[in-house]
Amino acid sequence: MREITAVLLATCILWPMTSHAADRTDLTVADFVGAQQPSKLVQNSLFLPPANAQDAIMPFTGTITLSETVMATDPVKFKSNNILGKDPAIFPAAVLSFITHDGDLVPTTQDVLRYGSTPDGKSFWDIIVQAGKVWSEPGDDGWSRASFPFSLMHSIEGETHNGVAMFLYKDGQVSGLRFQIVTQTAPFYVEDYFTATGRADAVLKSDSIPNEAEVKATYAQSIADAENLSTWTDLEAKVGQKSIAVFDTDISAEKVVANGIGIDGTFYLKSCPTVAGELPYCDRQRFGVWSVTKSAGNAVAMLRLAEKFGPGVFDEKIVDYVTEAKDAPGWETTTFGDLLNMASGVGYGSAEEKPYKMGEPYPDAYYKWYEAPSAGEKVSALLEGAKPYPWGPGKVGRYRDEDMFLLGEAMTRYIAKKGEPYATIWDMVTEEVYKPIGIHYAPINKTMETDPTNDQPLMAYGYYPTISDLVKISKLYQNGGKFGDKQLLNAEIIAKSAPGETPVGLHTGKHQRPFYQNAFWRGQMDSQNGCSFYYPTMTGFGGILVPLFPSDVFAIRISKDWENDAGSNRMDSLEQVADNVSDLCR
């Protein structure tokens, strides 16, 4: 079995304590060391330290290897158990490495651990893990407990299926891994909304981690830099329950994954609901946010390049970097900025400019690009599949994931020509933007090259941020790209997309968000205080929304809406609450 390493991030700032003591009836020692498979979910709180928890008898350091496990799922049968030749009802045979730091179970990496996207095994799923806790309980016969949050995902997609897991350990032994999946963001190839539970056999392969000191140092810094999220109760005490009562009432409650609002520098997390209670470690869970990647990744990258090398990067021609495009019609004058505006001038859609229609069709050519594993194959597919529009680049918006991927590839080649030391543009964003603002782990889906060191970030989707990460990126935008005393992103270009009275960007044909510019959708709002303005929003498939209002107010809604209904795309309630809690006209 191939070697993989895994990593976790910390624990929920306010994890719910349970009242169970030594007389557990669920998740007992027998449930971990026996062979019986669970058939139903238990309350999420049982995966967290109870009120009578004690320190772990010893810390955990080492690598565990899991066996593939058929999960007990609801629904019992998926619409398909053969997705790209793999089965989504099987938990992956992952290899996970952890250390312990101040009672936290810390993975050695928070990057994507590939399994389902490789030829190995039968499971469809890759996995990302985050940090949890270690502790002991009376009556556990000398075992200590280790729990952690995780996300099942796949390297060509953009959603997560979020859950929590636990194993026991003592004297060089580990028990089986008990896990459950209790929520998700909007699925694509696996169409089912599902929950799952299971017990995977585990083997302790090593009891040491060579880079333990480095892992601890990075983790300690991430904890020090993490956002101190406040509760909804705190917000009610600050502004009154009536002011925020309608928050997120324009979306079905069962579709909400996580939500909250930022005011005056503080983010208030409302809830992370699941069918088994609040999602454990919610503030440290990683969520698949689909096309929020475009504004949190591609736009950040372009604005960093503009700050470092000058705004002229927006006018760089694609064919000067992705030279393969020289032989494809329609790309001669397309610029980096055109791609960020979704205005490449090529596509699959109607050649009629009006009525404006931002949405592109998704023919076979799109799926050929979507499934292409390597960067070279993706570039070839997107150049072959699209035809020039009569209006050319920069004039009409047509939504194309392919163009955002192409922009990422072009930026990687651009920084190579500039002599930058980074393998990809994502590495530059991570080192020069994310880490300075306190984001120390930034997993993203990448292409699958023969040499994994050449894997390229997808950029169009596939970023897996935490709530804290989204808060930090939102604050950076609202602060004009400046963090502390350092200007990280180009302030002049950010200012053109900031909330304002003037509509800017290309027409989308959509009522809620009628304009698009620099990877942000732009909607219009009339404040109760008498002003009217347009504001930018990061958006992702399935109703994932991060609107950036005036007066440093922003909201986060992570939802799961494969059907893409009107409610999940509306922001009336977010606008109303933002207007209630702050003077957006100042």
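Residues numbered from 1 in each chain as written. Predicted model: local features only at pLDDT ≥ 70, side-chain atom pairs only at ≥ 80, totals over all residues. Heavy atoms only, no water.

Q: Looking at this structure, I do not really get the overall build of the chain. What am I missing?
A: Helix and strand counts for the chain stand at 14 helices and 27 strands. What you see for the chain is a C-alpha radius of gyration of 24 Å, in line with the 25 Å of a compact globule of 586 residues. Along the three orthogonal principal directions, the C-alpha set of the chain runs to about 70 × 55 × 45 Å. Considering the chain as a whole, with its 586 residues, one finds that 61% of them fall into the buried category. Taking as baseline every contact in the chain between residues at least 6 positions apart, the subset at least 24 positions apart corresponds to 71%. Carbon and sulfur atoms provide 49% of the accessible area of the chain, an area that totals close to 21,300 Å². Where the 51 positive side-chain charges of the chain centre and where its 74 negative ones centre are 2 Å apart. (Helix = DSSP H or I, 4+ residues; strand = E, 2+ residues; numbered from the N terminus. Rg over C-alpha atoms; globule rule 2.2 N^0.38 Å. Buried < 20%, exposed > 50% of the residue type's maximum accessible area, 1.4 Å probe, protein only. Contact = heavy atoms within 4.5 Å. Areas by Shrake-Rupley, 256 points an atom, 1.4 Å probe, with all protein chains shown as cover. Lys, Arg positive; Asp, Glu negative; His and termini not counted. Charge placed at Lys NZ, Arg CZ, Asp CG, Glu CD.)

Q: Please clarify how the confidence of the model for the chain should be interpreted in this entry.
A: Across the chain, the average pLDDT comes to 94, with 96% of residues at 70 or higher. Segment residues 1–22 is flagged for pLDDT under 50; beyond a separation of four residues in sequence, or across chains, it makes 101 contacts in the model. (pLDDT = per-residue confidence, 0-100.)

Q: Where do I start with the environment of Val581 in this structure?
A: Summarising the element assignment, Val581 is placed in helix α14 (residues 572–581). Judged by relative accessible area, which is 15%, Val581 ranks as buried. On a C-alpha basis, the gap between Val581 and Phe98 in space is 42 Å, while along the polypeptide they are 483 residues apart. Setting aside anything within four residues of it in sequence, one finds Val581 in contact with Val239, Ser243, Ile244 and Ile263.

Q: I keep staring at helix α11 (residues 467–478) and nothing clicks. Help me out?
A: Residues separated by three or four positions in an α-helix point in the same direction, a consequence of the helix having 3.6 residues per turn. If you check α11, its first and last C-alpha atoms are 17 Å apart, about what 12 residues at 1.5 Å a residue would give, namely 16 Å. Within α11, 10 of the 12 residues are buried, which leaves the element mostly enclosed by the surrounding structure. Taken residue by residue, α11 has Ile467, Ser468, Asp469, Leu470, Val471, Lys472, Ile473, Ser474, Leu476 and Tyr477 as its buried positions. Immediately downstream of α11, the backbone of Gly480 shows phi near 70 degrees, a positive value. (Expected span 1.5 Å × (residues − 1).)

Q: Please explain the packing of helix α10 (residues 425–437) against α11 as it appears in this structure.
A: Helix-helix packing is characterised by the crossing angle of the two axes and by the distance between the axes. Contact geometry of α10 with α11 gives a least axis separation of 10 Å together with a crossing angle of 105 degrees. Between α10 and α11, the crossing angle belongs to the class labelled roughly perpendicular. On α11, the residues that touch Val433, Tyr434 and Ile437 of α10 are Lys472, Ile473 and Leu476. Taken together, the residues of the contact of α10 with α11 break down into five nonpolar, no polar and one charged. (Axes fitted to C-alpha atoms, helices over the stretch in contact; angles between N-to-C directions. Parallel < 35°, antiparallel > 145°, perpendicular 65-115°, else oblique. Nonpolar A, V, L, I, M, F, W, Y, C, P; charged D, E, K, R; others polar.)

Q: Got a minute to help me understand the state of the cysteines in this structure?
A: Two cysteines form a disulfide when their sulfur atoms are joined by a covalent bond. Inspection of every chain in the model, using the stated rule, returns two disulfides. One disulfide in the model links Cys272 with Cys282; its S-S distance is 1.8 Å. Across the S-S bond of Cys272 and Cys282 the torsion is about -65 degrees, and the bridge reads as left-handed. Pair noted here: Cys272 is in the loop between β17 (266–271) and α5 (292–309) and Cys282 is in the loop between β17 and α5, with a separation of 10 residues, a long-range link. The partner cysteine of Cys531 in its disulfide is Cys585, sulfur to sulfur 2.0 Å. Between Cys531 and Cys585 the disulfide shows an S-S torsion of about -85 degrees. By sign, it is left-handed. Of this pair, Cys531 sits in the loop between β24 (520–526) and β25 (532–540) while Cys585 sits in the segment after α14, placing them 54 residues apart in sequence. What makes Cys585 partly exposed here is its relative accessible area of 29%. Cysteines bonded in the chain are numbered consecutively along the chain; their disulfide partners then correspond to 1-2, 3-4. (Disulfide = S-S within 2.5 Å.)

Q: Quick question: what am I supposed to make of the pairing of strand β5 (residues 95–101) here?
A: It is a general feature of regular strands that their side chains alternate between the two faces of the sheet. β5 sits mainly inside the fold: seven of its seven residues count as buried. Of the two faces of β5, the one holding Val95, Ser97, Ile99 and His101 and the one holding Leu96, Phe98 and Thr100 are both buried throughout. Pairing between β5 and strand β6 (residues 104–107): four bridges, direction antiparallel. Residue pairing in the sheet places Phe98 in a bridge with Pro107 of β6. (Pairing = 2+ DSSP bridges.)

Q: Would you mind going over the pattern of salt bridges with me for this structure?
A: Close approach of charged atoms lets side chains of opposite charge pair. Taken as a whole, this structure holds 29 salt bridges when the rule is applied. Between Lys170 and Asp141 there is a salt bridge whose closest N-O contact spans 3.8 Å. Remark: Asp141 occurs in the loop between β8 (132–135) and β9 (144–153) and Lys170 occurs in strand β10 (residues 161–170); sequence separation between them is 29 residues. The buried category is assigned to Lys170, whose relative accessible area is 16%. A relative accessible area of 60% places Asp141 in the exposed class. Glu432 is the partner of Arg304 in a salt bridge, and the nearest nitrogen-oxygen pair spans 2.9 Å. Highlighted residues: Arg304 in helix α5 and Glu432 in helix α10, separated in sequence by 128 residues. According to the relative accessible area criterion, Arg304 is buried, its value standing at 9%. (Salt bridge = Lys/Arg side-chain N within 4 Å of Asp/Glu carboxyl O.)

Q: Help me out: how do you make sense of the packing of aromatic side chains in this one?
A: When we look at a pair of aromatic rings, we describe it by the centre distance and by the angle of the planes. Taken as a whole, this structure holds 45 aromatic pairs when the rule is applied. Arranged with centres 5.8 Å apart and planes meeting at 20 degrees, the rings of Phe267 and Phe554 form a pair that is stacked. Here Phe267, found in strand β17, pairs with Phe554, found in strand β27 (residues 554–559); they are 287 residues apart in sequence, far enough to count as distant. Comparing Phe267 with Phe554 shows no difference in burial state: the two are buried. (Phe/Tyr/Trp six-rings, centres within 6.5 Å; stacked < 30°, edge-to-face > 60°.)

Q: Looking at this model, I keep getting lost on the side chain of Lys133. Mind explaining?
A: Mapped onto the elements, Lys133 comes out in strand β8. At a separation of 2.9 Å, a polar atom in the side chain of Lys133 contacts the side chain of Asp104. (Polar contact = N/O pair within 3.5 Å; in protein donor to acceptor, adjacent residues only side chain to side chain.)

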